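# Observations on chain architecture
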Amino acid sequence: MKTKIIAAFLAAALSVAAFTGCNTSSDSSSTPETSASTASNGEAKLEKTTFNLGHLNSTAHLLGFVAKEEGYFKEEGLDVTLTLFSSAAELSSGLENGKLDVAFIGSVPTLTFQSQGHDLTIFGGEMTNGHGYVIKPEFVEGKSDWDVSILKGRNVASVKNSVQDAELQILLKDKKIEIGEGEDKVNIVYFDSQKDAYNALQNDSIDAASAYSPYTSLAESQGYKIVYRCSEEKLLENQPCCRQVAATEALSKYPNSYNAFERALIKAYKFTQENKEGTVKDVKKYIDIEEDLINTEVYGGYGTSVPDPDKQGTITLKNAIVELGYTEDYDIEKLYNTDIYKNALASLIKENPDDKIYAELQNHFDEFE
């Protein structure tokens, strides 16, 4: 979990035809939004009991899936509806127009939105790593080993302002490979979404494409070859990706409700560490692909879903993308809230003082807050 990020970016949100995950769901015992109830820990009244959570079609967002399916939201007094979106921009708009209370958005889009004046605050984490690039098998035929240099002279589908794009540029820069057309360059062809970039592999003109969880494993199962996974690249390892994001005003208005939400996600993380089979089944209800592919993405060591806000890592990421020219510099302090996670975790440790998983989360938070 230790963060030593150089740079990263979030993939544009996607939904692909191969996936048929649930779009929405809610507990049958819904509580009116305007009512207040006692939180399960008995310490505070919830200012708001109905929550709308926006997510992408990615295994990376499993904490929300598990918290819903295992009843942790309900335990905390919340009636949470999960809604599938297709892009970070849509998620951001949902927060700003009040249709969403929480969204799982990539770090880089969030940082970019913040730098542009959007009043959105990061208050927790959702995924670290989980991205990569894949290439058509004929381009690595006869080779036993390769790196990003295999992309020279190729047309590569990606998404502008995404984690995949930033990662690729970082690796190419390190190898002194230029971007553009030519045998010694990599021609990046930009698409509006990860879905479009991935589907572009079906065209003869596209040789390789970006991918994020679970597209990398899905692509491999369909015969494509993996160029790299970011978790295996020294320059890209342990990068904070998807973050928990909310409208800044909402966090101030409903602090107890967001505390309850965070408690549910921390409980979900504990479940993922103790019940792999149950976790995979929960994820499959939202990301309908083969369970072995879900297991690879969730437990294969290529990415981790942890609720810690990882402030230090995200600030390092901000500085990196500013240097890359993705966004202008700005003061992130007023748009980063670690108190919600801190208080939620502390309350769970108070209730479960001997829990080793909660203790590990506390140690990490203390080091990287």
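Residues numbered from 1 in each chain as written. Predicted model: local features only at pLDDT ≥ 70, side-chain atom pairs only at ≥ 80, totals over all residues. Heavy atoms only, no water.

A few words now on the side chain of Thr128. One can find Thr128 in strand β7 (residues 128-129). If sequence neighbours within four positions are ignored, Thr128 has contacts with Asn238, Gln239, Pro240, Cys241, Arg243, Gly303 and Thr304. (Helix = DSSP H or I, 4+ residues; strand = E, 2+ residues; numbered from the N terminus. Contact = heavy atoms within 4.5 Å.)

This part covers helix α12 (residues 311-324). Between its terminal C-alpha atoms α12 stretches 20 Å, which fits the 20 Å expected from 14 residues at 1.5 Å a residue. Among the structural elements, α4 (107-115), β6 (120-125), β14 (242-247) and α14 (356-368) are those in contact with the buried residues of α12. (Expected span 1.5 Å × (residues − 1).)

The description of two helices packed together rests on the angle between their axes and the distance between the axes. Interhelical geometry of helix α10 (residues 276-284) versus helix α11 (residues 291-299) gives an angle of 115° and a closest axis separation of 10 Å. In terms of their interaxial angle, α10 and α11 are classed as roughly perpendicular. Seen along the crossing, α10 lies across α11 with a hand that is right-handed. Contacts from Lys276, Thr279, Val280, Lys281, Val283 and Lys284 in α10 reach Glu291, Ile294, Asn295 and Tyr299 in α11. A per-class count over the contact of α10 with α11 returns four nonpolar, two polar and four charged. (Axes fitted to C-alpha atoms, helices over the stretch in contact; angles between N-to-C directions. Parallel < 35°, antiparallel > 145°, perpendicular 65-115°, else oblique. Left-handed = near helix turned anticlockwise from the far one by under 90°. Nonpolar A, V, L, I, M, F, W, Y, C, P; charged D, E, K, R; others polar.)

Ranked by size, the top nonpolar core spans 86 residues in total, and within it Phe73, Tyr258 and Phe261 carry the most contacts. Not counting residues within four places of it along the chain, the set of residues in contact with Phe261 comprises Phe51, Leu53, Phe73, Leu78, Val102, Phe123 and Gln244. In this structure, Tyr133, Ile170, Val186 and Cys230 belong to the second largest nonpolar core, which totals 20 residues. (Core = buried A, V, L, I, M, F, W, Y, C linked by side-chain atoms within 4.5 Å. Buried < 20%, exposed > 50% of the residue type's maximum accessible area, 1.4 Å probe, protein only.)

For the coordinates displayed, the defined rule picks out 15 salt bridges. Salt-bridge contacts for Arg263 lead to Glu76; the nearest nitrogen and oxygen are separated by 2.8 Å. Remark: Glu76 occurs in the loop between α2 (72-75) and β4 (79-84) and Arg263 occurs in helix α9 (residues 255-274); sequence separation between them is 187 residues. We note that Arg263, like Glu76, is buried. Between Arg229 and Glu297 there is a salt bridge, with the nearest N and O atoms lying 3.8 Å from each other. (Salt bridge = Lys/Arg side-chain N within 4 Å of Asp/Glu carboxyl O.)

With that settled, the discussion passes to α11. Listed as buried for α11 are Leu293, Ile294, Glu297 and Val298. Buried residues of α11, viewed axially, fall in a sector of 125°; they line one side. Along its buried surface, α11 packs onto α1 (62-69), α7 (215-221), β13 (225-229), α10 and β15 (303-304). Positive phi appears at Gly301, one or two residues downstream of α11, with a value of about 90°. (Arc of directions from axis to C-beta.)

Spatially, β4-β3-β5-β14-β6 is the arrangement adopted by the five strands of the open sheet, whose pairing is mixed. Because the sheet does not close on itself, it has two edges, and the strands there are β4 and β6. On average, each strand axis in the sheet is inclined to that of its neighbour by 30°, with strand direction left out of account. Of the strand pairs in this sheet, strand β5 (residues 102-106) and β14 are connected by four bridges, and their pairing is antiparallel. Pairing of Ala103 across the sheet is with Val245, part of β14. (Pairing = 2+ DSSP bridges.)

In this structure the tally under the stated criterion is 11 aromatic pairs. Considering the side-chain rings of Tyr341 and Phe365, the 5.5 Å spacing of their centres and the 50° angle between planes classify their relative orientation as tilted. Taken together, the residues span a long stretch of sequence, with Tyr341 in helix α13 (residues 339-351) and Phe365 in helix α14 at a distance of 24 residues. According to the relative accessible area criterion, Tyr341 is buried, its value standing at 0%. Residue Phe365 is classed as buried on the basis of its relative accessible area, which comes to 4%. Linked through ring pairs, Phe51, Phe73, Phe123, Tyr258 and Phe261 together constitute an aromatic cluster. (Phe/Tyr/Trp six-rings, centres within 6.5 Å; stacked < 30°, edge-to-face > 60°.)

We now examine the sheet that holds strand β9 (residues 155-159). Sheets are built from strands that pair by backbone hydrogen bonding, the pairs being arranged parallel or antiparallel. Pairing within the open sheet is mixed, and its six strands lie in the order β10-β11-β9-β12-β8-β13. Only two strands of the sheet have a single neighbouring strand rather than two, namely β10 (178-179) and β13. For β10 and strand β11 (residues 185-191), the ladder comprises two bridges, and the chain directions are parallel. The partner of Ile179 across the bridge, within β11, is Val186. With respect to the sheet, helix α5 (residues 163-174) is in contact with β8 (131-135), β9, β10, β11, β12 (208-212) and β13, its orientation differing from that of β8 by roughly 75°.

Looking now at the side chain of His131. Among the secondary structure elements, His131 is positioned in strand β8. Among the polar contacts made by the side chain of His131, one reaches the side chain of Glu167 at a distance of 3.2 Å. (Polar contact = N/O pair within 3.5 Å; in protein donor to acceptor, adjacent residues only side chain to side chain.)

This part covers a negative patch on the surface. A cluster of acidic side chains, namely Asp339, Asp366, Glu367 and Glu369, defines a negative patch on the protein surface. By the secondary structure assignment, Glu369 is in the segment after α14. (Patch = residues over 30% accessible without salt bridge, like charges linked within 9 Å, V, L, I, M, F, W, Y side chains within 5 Å. Areas by Shrake-Rupley, 256 points an atom, 1.4 Å probe, with all protein chains shown as cover. Lys, Arg positive; Asp, Glu negative; His and termini not counted. Charge placed at Lys NZ, Arg CZ, Asp CG, Glu CD.)

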